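Fold and geometry: a report
For reference, the chains in residue letters:
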Amino acid sequence: DYTDPHCSGKQAIVHLFEWKFSDIANECERYLGKKGFCGVQTSPVNEYTVITKEYIRPWWERYQPVSYKIASRSGNEVEFKNMVDRCKNVGVRIYVDVVINHMAGLGRTGKGTGGSSFDSSNYDFPGVPFSRQHFNDKDKCPSHDGMVNNYGDPNNVRNCFLVGLTDLDQKQEYVRNKIAGFFNHLIDLGVAGFRVDAAKHMWPGDILAIQKLTKNLPEGGTPFFYHEVIDQNDGAIKVNEYYPNGLVTEFRFCQKIAQGARNFGELGGVYDPGWGMADSDHAFVFVDNHDNQRGHGGGGNRVTHKTPRDYKIAVAFMLANDYGFPRIMSSYYFGDDSSQGPPHNSDYSIKDVTIENNGLCGNGWVCEHRWNPIGNMVAFRNAVTGTTKVHWKDQNDQVSFARGNKGFFAMAKQGHMDETLQTGLPAGEYCDLITDCKKKITVDGSGNAHIVIDNSEEPILAFIVGGPS
Ligand code: AAO
C-alpha cells in the first residue's frame, strides 16, 4: 500500500525546506513529536551541482543531481542517519524528496556537493555511474530542440528534457536498478517514504516498476510514495494516471484554497471533483509549496506566509477539512528574488534555525509550522481522523463546522463572530487549541456552544474531544 505513511495513523507532514539535518532532528525532539506530526519532508539529500555561475547557490541547485551519494548542504550521510533515528524515536518519520527524472542540466560540469566529478553535456556521471546510453535520445522526444515544450503531448512531457535537465530513460533495467538502489539505501537508513520529483515527466508504469524493485520497510509494508504531478486542467497528463503508484499532489487545491481564504463563500467548494481533482484517498494537499510560493512550477496568486492572516486561515482550514493528506510548508524569508537560497553564513553553509522566546524562529526562518493556527491544528487533524464534516455553516465570511462528534472548528474573516452554534460534541468544557487554552468553550447537553471570535490576526477557534484541558 504505497499510500501508507507509516506513522501510526498520524495525519500531517511538514516540509522543512532547506533545513540542515541537525536542525530537523532538533525540531523533531523539541516540537514535532509533541505536536503529533507524522513526519518531515526533507529537501533533496543526494549529491547535486554546486551552482555559482548565473547565480550563487540558489535553492534549485538541489534539483540537479550528480550522484546518489548522500551529500548536500543539509548534511552528510552520518548526519542524515542521526536525524532519521532521532526523529523516529519521537514518532516522526522522514520522507525524502527524490529527484530521479533527470540528472544535472546541460552545460553544467565540475564537482558535485559530494566531490564526484561530472559533465552534463557529455552525459557523464561517474558517481552513479550513468553515461550517454542511459538518457533519453532526441529521436524519442518529439520536440525540435529536445526540450519539454508541449504539455498537450505525453511523449513530449515525458521523453524530452525539462528545462534542459538531462532526462534519464527509466525504461532501462540498469537505470531502474540504480534508482531502486538509491531508494533501498534510504530505506536501510530508516526513511518511511518518498516525494517523487517531476513524476509528471516520467511514465507512471516506469515509476511503478522502480517501486516494485524497492524493498519493504524493516517494520513491514511498502514505503509511502507521493508523486509531484502538476495537473491544473491544462495539459494531457492527469493525476489519476498515478493512482496505482500512491498519492499524487493536487495543485488545484492550492488554487481553490487561495480563493477560499480570500472569499469564504468559496470554501465549501475547495474539493471540486467535477474539475478533475483527485479523490480524497489519493490527493496529497498543501496551501503552497516551495515552487509556487515563489512563482516557479505554475505558481502565481497563491496564499503564502507573506500574507500571514490569510495564510493561517488557509492552512487551518486545510487541516480542519476532510480532504486529502496534508503537507504544511515551512519556509525561509525571501524577497522578489525567486532564486535566493536559504539563510547562509559567509561560506554559504546553511544557517542554524534558532528558536526565540516566543517559540517562533529566527535567523531568517519563517517556521509557519510553529504558528499556532497551523502547528496546533495538527492535533485537531489527528483527533478527527475518519469523520466527515457536519453542521456546516457559512455566511458573511464566517465558516464553522464539526468533524463528526470529535471536533469543532470556526473562523471569521470579517468582523466578530458571536453565535450559539450546534457543535455535535458531547457536553463539557473544551480548550481552544489556537489560543493554547486561553479560551474555553462550554458545550451544553444538546451540543450547543456559544462561540466568540474577535477580529484579530488569528480569527480562528478549534477544539477536540480528548484535547488539552
Ligand atoms: C534551473 C533554471 C533553469 C535551467 C535549469 C537547468 O531555473 O533556467 O534551465 O536549472 O540548468 C527547480 C526550479 C527550476 C530549476 C530546476 C533545476 O524550479 O527553475 O531550473 O529546479 O535546478 C514543471 C514541472 C515540475 C517542476 C516545475 C518547476 O512539471 O515537475 O516545472 N517542479 C519540480 C520541483 C522543482 C524543480 C524541478 C521539478 C526539477 O518541485 O523545484 O525545479 O527537478 C506548467 C506545467 C507544469 C510545469 C510549470 C512550470 O504550469 O503544468 O508541469 O512545472 O508549467 O514549467 C499556468 C498553469 C500551469 C502552468 C503554468 C506555467 O499557471 O496553470 O499549469 O501556467 O506555464
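Coordinates for the structure precede this section.
Anyway, here's the lowdown on the structure attached to this text. A quick note: this is a predicted structure, and the numbers were derived from the prediction, not measured. (Residues numbered from 1 in each chain as written. Predicted model: local features only at pLDDT ≥ 70, side-chain atom pairs only at ≥ 80, totals over all residues. Heavy atoms only, no water.)

Looking at the ligand, there are 23 residues lining it, with Trp60, Lys200, His201, Asp234 and Asp291 nearest. One of the backbone N or O atoms of Val163 is found 2.7 Å from an oxygen atom in the ligand. One of the side-chain N or O atoms of His201 is found 2.6 Å from an oxygen atom in the ligand. Taken by itself the ligand offers 1,100 Å² of open surface, and the protein chains cover 73% of this. Partitioning the shell around the ligand into residue classes produces eight nonpolar, eight polar and seven charged. (Near = heavy atom within 4 Å. Polar contact = N/O pair within 3.5 Å; in protein donor to acceptor, adjacent residues only side chain to side chain. Areas by Shrake-Rupley, 256 points an atom, 1.4 Å probe, with all protein chains shown as cover. Nonpolar A, V, L, I, M, F, W, Y, C, P; charged D, E, K, R; others polar.)

On to the state of the cysteines, then. Taken as a whole and assessed by the stated rule, the structure comprises five disulfides. The disulfide that involves Cys361 links it to Cys367, with 2.1 Å between the sulfurs. Handedness of the Cys361-Cys367 disulfide follows from its S-S torsion of about -90°: it is left-handed. Of the two residues, Cys361 and Cys367, neither departs from the other in class, the shared state being buried. Each disulfide in the protein chain links cysteines that, numbered along the sequence, combine into the pattern 1-3, 2-4, 5-6, 7-8, 9-10. (Disulfide = S-S within 2.5 Å. Buried < 20%, exposed > 50% of the residue type's maximum accessible area, 1.4 Å probe, protein only.)

Our next topic: the sheet that holds strand 1 (residues 13-16). In space, the eight strands of this closed barrel follow the order 1-2-6-11-12-13-14-15, with parallel pairing throughout. Each adjacent strand pair in this sheet contributes to an overall mean axis angle of 30°, direction not counted. Looking at chain direction, strand 11 (residues 193-196) and strand 12 (residues 224-227) are connected through four bridges and run parallel. What sits directly across from Val196, in strand 12, is His227. On the sheet, helix 4 (residues 173-188) packs against strand 6 (93-98), strand 11 and strand 12 and is oriented at approximately 160° with respect to strand 6. (Pairing = 2+ DSSP bridges. Helix = DSSP H or I, 4+ residues; strand = E, 2+ residues; numbered from the N terminus. Axes fitted to C-alpha atoms, helices over the stretch in contact; angles between N-to-C directions. Contact = heavy atoms within 4.5 Å.)

On the basis of which strands lie adjacent, the open sheet formed by four strands has the order 18-19-20-25 and antiparallel pairing. Each edge of the open sheet is held by one strand with a lone partner, namely strand 18 (389-395) and strand 25 (460-464). Strand-to-strand, the axes of this sheet are offset by a mean angle of 5°, without reference to chain direction. Across five bridges, strand 20 (residues 407-412) lies against strand 25 in antiparallel orientation. The residue bridging Phe408 from the neighbouring strand is Phe463, located in strand 25. Running over the sheet, helix 7 (residues 308-320) touches strand 18, strand 19 (398-403), strand 20 and strand 25 and is turned about 155° from strand 20.

As a further point, take helix 2 (residues 77-89). A rise of 1.5 Å per residue sets the reference length of helix 2, with its 13 residues, at 18 Å; its end C-alpha atoms lie 18 Å apart and thus fit the reference within 8%. Within helix 2, the full set of buried residues consists of Phe80, Met83, Val84 and Cys87. The buried residues of helix 2 occupy one face: seen down the axis, they fall within an arc of 95°. Turned more than 90 degrees away from the buried face of helix 2 sit Val78 and Asn89, all of them exposed. Looking at the buried positions of helix 2, the neighbouring elements they touch are helix 1 (21-35), strand 2 (39-42), strand 4 (65-72), strand 5 (75-76), strand 6 and helix 4. Measuring from the backbone nitrogen of Val78 back to the side-chain oxygen at the start of helix 2 gives 3.1 Å, which picks out Asn76 as the cap. One or two steps after helix 2, the chain reaches Gly91, where phi turns positive at roughly 80°. (Expected span 1.5 Å × (residues − 1). Arc of directions from axis to C-beta.)

All right, on to the packing of helix 1 against helix 2 then. Between helix 1 and helix 2, the least distance of the axes is 8 Å, while the angle of their chain directions is 10°. Between helix 1 and helix 2, the crossing angle belongs to the class labelled roughly parallel. Contact residues: Phe21, Ser22, Ile24, Ala25, Asn26, Cys28 and Glu29 in helix 1; Glu79, Phe80, Met83, Arg86 and Cys87 in helix 2. Classifying every residue of the contact of helix 1 with helix 2 gives seven nonpolar, two polar and three charged. (Parallel < 35°, antiparallel > 145°, perpendicular 65-115°, else oblique.)

In this structure the tally under the stated criterion is 24 salt bridges. The salt bridge partner of Arg370 is Glu27, with a shortest N-O separation of 2.8 Å. With Arg370 in the loop between strand 17 (361-362) and helix 8 (372-375) and Glu27 in helix 1, this residue pair connects regions lying 343 residues apart in the sequence. Classification of Arg370 by relative accessible area gives buried; the value is 9%. Among the residues examined, Glu27 registers a relative accessible area of 0% and is labelled buried. Linking Glu54 and Arg108 is a salt bridge whose minimum nitrogen-to-oxygen distance equals 2.9 Å. With Glu54 in the loop between strand 3 (46-48) and strand 4 and Arg108 in the loop between strand 7 (102-105) and strand 8 (109-111), this residue pair connects regions lying 54 residues apart in the sequence. (Salt bridge = Lys/Arg side-chain N within 4 Å of Asp/Glu carboxyl O.)

Here we come to the pairing of strand 19. Where burial is concerned, most of strand 19 is hidden: six out of the six residues are buried. In strand 19, alternate side chains face the same way, and those of Gln398, Ser400 and Ala402 on one face and Val399, Phe401 and Arg403 on the other are all buried. Looking at chain direction, strand 18 and strand 19 are connected through five bridges and run antiparallel. Its bridge partner lying in strand 19, Gln395 is registered against Gln398. Between strand 18 and strand 19, which pair antiparallel one after the other, the connecting turn spans two residues, and Asn396 there sits at a positive phi close to 50°.

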